[in-house]
Amino acid sequence: MTDVMVPANPPFRPSMLIYDRRYRSMTFQVIVFILVMALAWWLVNNTIRNLAALGKDFDFGFLWQRAGYDIPQTPIPYTSDDTHLRAALVGLLNTLIVSILGCIAATVVGIIAGVARLSNNWLIARLMTVYVEAFRNVPLLLWILIVFAVFTEVMPPPNAFRGDDPAASMILFDHVALTNRYTAIPTLAMTNDPGSLDLGARITISWATIAFAVALVAGWIVRRMIAAWAQRVQDQTGVRPTTWWASLAVMTVPSLLLIWYFGLHLIPPTLKGFNFTGGLNVQNGLVALWLALTLYTGAFIAEIVRAGILAISRGQSEAAFALGLRPGRTMNLVILPQALRVIIPPLISQYLNLMKNSSLAIAVGYMDIKGTLGGTTLNQTGRELESIVLMMGVYLVLSLIISAGMNLFNARVKLKER
Amino acid sequence: MKTSVFLGSMAAGALMAGAGMADTLADVKARGELNCGVNTGLVGFAAPDANGNWTGFDVDFCKAVAAAVLGDPAKVKYVPTTGQTRFTALSSGEVDLLARNSTWTFSRDTDLKLDFIGVNYYDGQGFMVNKDLGVTSAKELDGATICIQTGTTTELNLADYFKANNMTYQPVNIDSNAEGEQQYMAGACDAYTTDASGLAATRAAFADPESHIILPEIISKEPLGPAVRHGDSNWGDIARWTLYALIAAEEYGITSKNLEELAKSSQNPEVQRLLGVTDDLGAMIGLDKDWAKRAIAASGNYGEIFAANIGEQTPIGLARGLNAQWTQGGLMYAMPFR
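Draft legend 1. Geometry of the overall build of chain B. A count of helical and extended segments in chain B gives 13 helices and 13 strands. Taken over C-alpha atoms, the radius of gyration comes to 22 Å for chain B, in line with the 20 Å a tight globule of 338 residues would show. When the backbone C-alpha atoms are referred to their principal axes, chain B occupies close to 65 × 65 × 40 Å. Buried positions account for 50% of the 338 residues belonging to chain B. For chain B, contacts bridging at least 24 residues in sequence account for 73% of all contacts bridging at least 6.

This is the structure in structure tokens:
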């Protein structure tokens, strides 16, 4: 046997941490980790030191103190005698209100604009292009301010509705008044009030609301069952039974019966003193914020929808046409279900953006959580760090909830690989 | 090796940042400039003029402090702050001194860790309405929509006042005086409420000041004063005694015009001490002999500053009232320079 030179592993030297590929990646990971931790340590340490130097502590006790300020829009009962915590909760609900309204409206606007941008009608397609480009390329804050300024400057003050020959008049059969402060809309009242469910902490839900919700959900479930039955019949006989009247009936008849039972009627707003009372005054801040968020996010969603539709190969629609499907059916049954797979993931981030962008509300005096907890409460109590940390937590949790919900939806529509 | 050096320098940096908070005087001197927090724009108190130079009642106090500390009233960097950002700007060290018509209250002085160094304007909260509204008293404002700046004491006073009088109102929250003006002028609120001096200043900027009235009710005490960070007593002393120097100068008849002459000729021992002719008071607060002289020379004494910015000869037209010298029946009273 001849001696074979077996290359022995060279002894470990520190320089190998840099020059040996086996160790190099590990070395850099350790260094980066140490740097990141050092930065985090420095930030925390600096904060603690500076707070100590100022003689400030980190304490959430202020949340249980009297708030002392009023909020224009309160979804739950709130007075200036309530705590900062309740003020923050009112702000959170206001954030949710504008976010949910915004997400729904932006989706509708976005889908319409996205589909219309692909229209064969030259004028409609170009108009939608102008809309998308105008809203996508101008900062949201400017749109919010512009919409708000238009409301403030163009609409008449409530005073203008006064007198025998008023300068302004209410619309929709004297039920809605557009003013430069708010839109006064009628409220609902019941002659046969069933009372309310008390959830504690002065939060109540009317039994009538619960009854309507139950009626709608039950109606929807029955409608699904009718559709499933029609599908079965179609599968067996090839003829789909006419079900639209049954679907319509289960969705509407229970609600109509409830309206009759509770004696539901509208109370229109009336001008009394300085302002409209009796109805519901929807602040212009909310309307302006909602409109601007809708149009701005809608422009992005339109592009997402357009991209999703263009991602479906032309062969799909040609095949559908070859089977004799009309264009509307082709879109609903063939193109959109496939396009949704492309559309949903970017749509999630648009919803998240909209929710976070709603924190610009203070620009138009809409008191969302940034306006209450992060604005007046922060300023009156001087608890900057606590308020900001709390607010970041709230937005984080909201974002994660939206993400989780949309991911569930995405899992349902995505390509099923069997 | 490198890492530990880096960590060490960061630790040192953190230490410096912590220590740096405590000696504002040294910081200002090293920087060669006073960072002064002022209003974003309230004519008469602090607003940039057509050439972009800041002028106003609060601005002149910044100038006096800069003159006393740095020897040059122009060495001020004006940091515009809103009602919401002002105290954070001060406690974070962004500004050395806050001269922004801010009300001295218990919780601000204690819990917010500020030190108010005195009162430069005794004010109270009022309401402004359009004459066409036909309202003559704040008690008639039940159900009205009222514009209010967020993050101010006026916001809390408003809630208390309407509650105490068993009235309701709709608040319209706004961020700055300019925004409030715009909303009020457009009729988006029936009344605008803030400190009476602020109302007068706002009204003076209107095209038709006569068609707006300030209601007679003053619903709160609003002692407005400059503030510094809690914990640096020496810097607080400098700001406090600069204010007293301006007030005392008016009491003793020292103006920006006769300043030099009085320094030479005055036989009044208090004037001699104030102007650094005899005792060296400046050394006790870390400044030189002439600090008060320079502060008064910057824009004149308290009375001159008042008259030039918000007095009866200006469009704002505020009477001295509570802000007259104690010898004239007012509340302005400088502690003795001794």
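That covers the picture; the talk isn't over yet.
Draft legend 2. Quick peek at the overall build of chain A. Along chain A, the regular secondary structure elements total twelve helices and nine strands. Computed over C-alpha atoms, the radius of gyration of chain A comes to 29 Å, more than 25% over the 22 Å expected from 2.2 N^0.38 for 418 residues, which places it beyond the range of a compact globule. Going through the 418 residues of chain A one by one, you find that 28% of them count as buried. Look at the contacts in chain A between residues 6 or more apart in sequence, and 64% of them connect residues 24 or more apart.

Draft legend 3. Local environment of the interface of chain B and chain A. On the chain A side, the residues contacting the 38 residues of chain B number 35 residues. Broken down by secondary-structure element, the contributors of at least two residues to the side of chain B that touches chain A are helix H1 (2-20), helix H4 (86-91), strand E9 (144-149), helix H6 (153-164) and strand E10 (169-174) of chain B. With six residues, H1 of chain B is the largest single contributor of residues to the side of chain B that touches chain A. Tallied by class, the residues present in the side of chain B that touches chain A amount to 16 nonpolar, 15 polar and seven charged.

Draft legend 4. Structural context of the pairing of strand E13 (residues 222-229) of chain B. Residues and elements named next belong to chain B. Burial analysis of E13 places seven of its eight residues in the buried class, which makes it a mostly covered element. Judged from the three bridges that link them, strand E5 (residues 97-103) and E13 form a sheet pairing that is antiparallel. Across the sheet, the residue bridging to Thr103 is Leu224, located in E13. With three bridges joining them, strand E6 (residues 114-116) and E13 adopt antiparallel strand pairing. Bridged to Leu114 within E13 is Arg229.

Draft legend 5. Molecular detail of the domain arrangement of chain B. Residues and elements named next belong to chain B. When the domains of chain B are assigned, the result is domain 1 (24-122 + 223-328) and domain 2 (125-220). A straight line from the C-alpha centre of domain 1 to that of domain 2 covers 29 Å. Across the contact, 19 residues belong to domain 1 and 16 residues belong to domain 2. Each residue belonging to the side of domain 1 that touches domain 2 can be placed in one class, and the counts come to nine nonpolar, ten polar and no charged.

Draft legend 6. The arrangement of the sheet that holds E10 of chain B in detail. All names here are of chain B. Taken in spatial order, the five strands of this open sheet run E10-E9-E11-E8-E12, and their pairing is mixed. Of all the strands in the sheet, just E10 and strand E12 (212-214) have a single pairing partner and so form its edges. Ignoring strand direction, the axes of neighbouring strands in this sheet form an average angle of 30°. Both E9 and strand E11 (residues 191-195) contribute to a ladder of two bridges, which runs parallel. Its bridge partner being in E11, Cys147 is matched across the sheet by Tyr192.

Draft legend 7. Main features of the environment of Met335 of chain B. Residues and elements named next belong to chain B. Checked against the element boundaries, Met335 lands in the segment after helix H13 (302-309). Residue Met335 is classed as exposed on the basis of its C-beta count, with 11 C-beta atoms lying within 10 Å. Separated by 167 residues in the primary sequence, Met335 and Thr168 place their C-alpha atoms 44 Å from one another.

Draft legend 8. Broad picture of the sheet that holds strand E2 (residues 182-185) of chain A. Residue and element names in this part refer to chain A. Taken together, three strands build an open sheet; the order of strands is E1-E2-E9 and the sheet is antiparallel. A strand with exactly one partner marks an edge of an open sheet, and here the two such strands are strand E1 (177-178) and strand E9 (280-283). Here two bridges tie E1 to E2, and the two strands are oriented antiparallel to one another. When the sheet's bridge partners are listed, Leu178 is paired in E2 with Thr183. Across the sheet, helix H8 (residues 284-310) touches E2 and E9, and the angle it forms with E9 is around 50°.

Draft legend 9. Just the nonpolar core, in detail. Counting residues in hydrophobic clusters, the biggest one holds 155 residues, and the most contacted among them are Leu289 of chain A together with Cys62 of chain B. The element best represented in this core is H8 of chain A, accounting for 16 residues. Viewed by domain, this core spans two of them, domain 1 (24-122 + 223-328) and domain 2 (125-220) of chain B, each represented by three or more residues. Ignoring any residue separated from it by four or fewer positions in sequence, one finds Leu289 of chain A in contact with Val98, Ile144, Ser358, Ala361, Val364 and Tyr366 of chain A. The next biggest cluster of nonpolar side chains, apart from the first, holds five residues, and it includes Ala177, Tyr182, Leu271 and Phe276 of chain A.

Draft legend 10. Quick peek at helix H5 (residues 140-154) of chain A. With 15 residues, H5 of chain A extends 21 Å between its outermost C-alpha atoms, agreeing within 8% with the 21 Å of an ideal straight helix rising 1.5 Å per residue. Those residues of H5 of chain A that fall on the buried side of the exposure criterion are Trp143, Ile144, Val147, Phe148, Phe151 and Thr152 of chain A. For H5 of chain A, the angular spread of buried residues about the axis comes to 165°, placing them on one side. Residues Leu142 and Val154 of chain A are exposed on H5 of chain A and point more than 90 degrees away from its buried face. Contacts made by the buried residues of H5 of chain A are with helix H4 (122-136) and H8 of chain A together with helix H7 (177-185) of chain B.

Draft legend 11. Region of interest: the confidence of the model for chain B. Residue and element names in this part refer to chain B. For chain B, the mean per-residue pLDDT works out to 87, and 93% of the residues sit at or above 70. Contacts for the low-pLDDT stretch residues 1-20, under 50 throughout, to residues beyond four places or in other chains number 15 contacts. As scored by the predictor, the complex reaches a pTM of 0.79 and an ipTM of 0.73.

Draft legend 12. Structural detail: unusual backbone geometry. Residues and elements named next belong to chain B. One non-glycine residue with positive phi stands out, namely Lys113, at about 60°. By the element assignment, Lys113 lies in the loop between helix H5 (106-110) and E6. Here Asn166, not a glycine, exhibits a phi torsion of approximately 55°, which is positive. As for its position among the elements, Asn166 is in the loop between H6 and E10.

Draft legend 13. Focus on the packing of helix H6 (residues 207-237) of chain A against helix H7 (residues 244-262) of chain A. Residues and elements named next belong to chain A. For the pair H6 and H7, the least separation of the axes is 8 Å and the interaxial angle reads 165°. In terms of orientation, H6 lies roughly antiparallel with respect to H7. Pair H6 / H7 crosses with right-handed handedness. Taking contact as the criterion, the partners of Ala208, Ala211, Phe212, Ala215, Leu216, Gly219, Val222, Arg223 and Ile226 in H6 are, on H7, Ala246, Ser247, Val250, Met251, Pro254, Ser255, Leu258 and Phe262.

Draft legend 14. Structural context of the packing of helix H9 (residues 233-251) of chain B against H13 of chain B. Residue and element names in this part refer to chain B. Their axes nearest at 6 Å, the elements H9 and H13 cross at an angle of 95°. The angle between H9 and H13 places the two elements in the roughly perpendicular class. Each of Leu246, Ile247, Ala249 and Glu250 in H9 lies in contact with H13, whose residues at this interface are Tyr302, Gly303 and Ile305. Among the residues forming the contact of H9 with H13, the class breakdown is five nonpolar, one polar and one charged.

Rules of the game
Residues numbered from 1 in each chain as written. Chains lettered and ligands numbered in written order. Predicted model: local features only at pLDDT ≥ 70, side-chain atom pairs only at ≥ 80, totals over all residues. Helix = DSSP H or I, 4+ residues; strand = E, 2+ residues; numbered from the N terminus. Rg over C-alpha atoms; globule rule 2.2 N^0.38 Å. Buried ≥ 20, exposed ≤ 12 C-beta atoms within 10 Å, placed from the backbone. Contact = placed C-beta atoms within 7 Å. Nonpolar A, V, L, I, M, F, W, Y, C, P; charged D, E, K, R; others polar. Pairing = 2+ DSSP bridges. Domains from an automatic or database assignment. Axes fitted to C-alpha atoms, helices over the stretch in contact; angles between N-to-C directions. Core = buried A, V, L, I, M, F, W, Y, C linked by C-beta atoms within 7 Å. Expected span 1.5 Å × (residues − 1). Arc of directions from axis to C-beta. pLDDT = per-residue confidence, 0-100. Parallel < 35°, antiparallel > 145°, perpendicular 65-115°, else oblique. Left-handed = near helix turned anticlockwise from the far one by under 90°.

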